[in-house]
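Fold and geometry: a report
Each chain is listed here by its residues.
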Amino acid sequence: MKKAICPGSFDPVTNGHLDIIRRAARTFDHVTVAILTNPRKQPLFTVEERLEMLNECTRDLPNVSVAASEGGLLVEFARAQGAQAIVKGLRPIQDFEYEWQMGMVNMELNDEIETYFLMSRKEYSYLSSSIVRELASLGGKLDLLVPPNVEARLRQKFGAAR
Ligand code: PNS
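So, a few notes on the structure that sits alongside this text. Here the structure is a predicted model, which means the values were calculated and not measured. (Residues numbered from 1 in each chain as written. Predicted model: local features only at pLDDT ≥ 70, side-chain atom pairs only at ≥ 80, totals over all residues. Heavy atoms only, no water.)

**Looking at the sheet that holds strand S2 (residues 30-36)**
One open sheet accounts for five strands, arranged S3-S2-S1-S4-S5; its pairing is parallel. Two strands in the sheet have a free side with no partner beyond their single neighbour: strand S3 (64-69) and strand S5 (114-119). With direction set aside, neighbouring strand axes in the sheet form an average angle of 30°. Pairing of strand S1 (residues 3-8) with strand S4 (residues 85-90) involves two bridges; the strand directions are parallel. Looking across to S4, one finds that Ala4 is bridged to Ala85. Sitting on the sheet, helix H2 (residues 47-57) touches S2 and S3, and the angle it makes with S3 is about 175°. (Pairing = 2+ DSSP bridges. Helix = DSSP H or I, 4+ residues; strand = E, 2+ residues; numbered from the N terminus. Axes fitted to C-alpha atoms, helices over the stretch in contact; angles between N-to-C directions. Contact = heavy atoms within 4.5 Å.)

**Brief notes about the site of the ligand**
In the region of the ligand, 14 residues are neighbours, and Ser9, Thr37, Asn38, Lys41 and Leu74 sit closest. Between Asn38 and the ligand, the recorded distance is 2.8 Å, taken from a side-chain N or O atom to an oxygen atom. Here an oxygen atom of the ligand sits 2.8 Å away from a polar atom, N or O, in the main chain of Leu74. In isolation the ligand has 550 Å² of accessible area, and contact with the protein removes 81% of it. Residue assignment for the shell around the ligand shows that the elements contributing at least two residues are S1 and helix H4 (96-109). The element contributing the most residues to the shell around the ligand is H4, with three residues. Taken together, the residues of the shell around the ligand break down into seven nonpolar, five polar and two charged. (Near = heavy atom within 4 Å. Polar contact = N/O pair within 3.5 Å; in protein donor to acceptor, adjacent residues only side chain to side chain. Areas by Shrake-Rupley, 256 points an atom, 1.4 Å probe, with all protein chains shown as cover. Nonpolar A, V, L, I, M, F, W, Y, C, P; charged D, E, K, R; others polar.)

Structure representation (structure tokens):
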């Protein structure tokens, strides 16, 4: 059984993330979407809120589950789940340096867990959770960027007046 982890902050999950999760689920027998702590970021949504949103968005994918691990290493989480792979999306240019560094560190930490990068689809290549948060805070249009349940949560966070 080939198991993969799709890790991230998912603050919040976007259509770009969901595309990567769906494509990973076509390749691996089981995919665990893992909400992990990124020490470089201060999240908008609580871990519980992010878990709920991801569970709602992946309900139609029978071989996908969602989990959270506050603190701790990604490779340790992957090992504990019995996963052999980490799958991440790679957008043009901006992701490469950081993802390459993380991939190398994770390889040093556990050489048995392979990192796979899926190229982001062109329509999502500019999309990020941070741009979604910024747009939401300014009352911008979100319907092509996130699923309706996530848009509703963002509107709640930033106030219905916007
Ligand atoms: O969506 P993000 O914020 O780019 O995801 C980054 C994340 C959460 C996958 C990354 O920060 C991570 O792996 N955090 C867990 C701690 C860890 O293993 N760090 C790498 C070695 S220092």
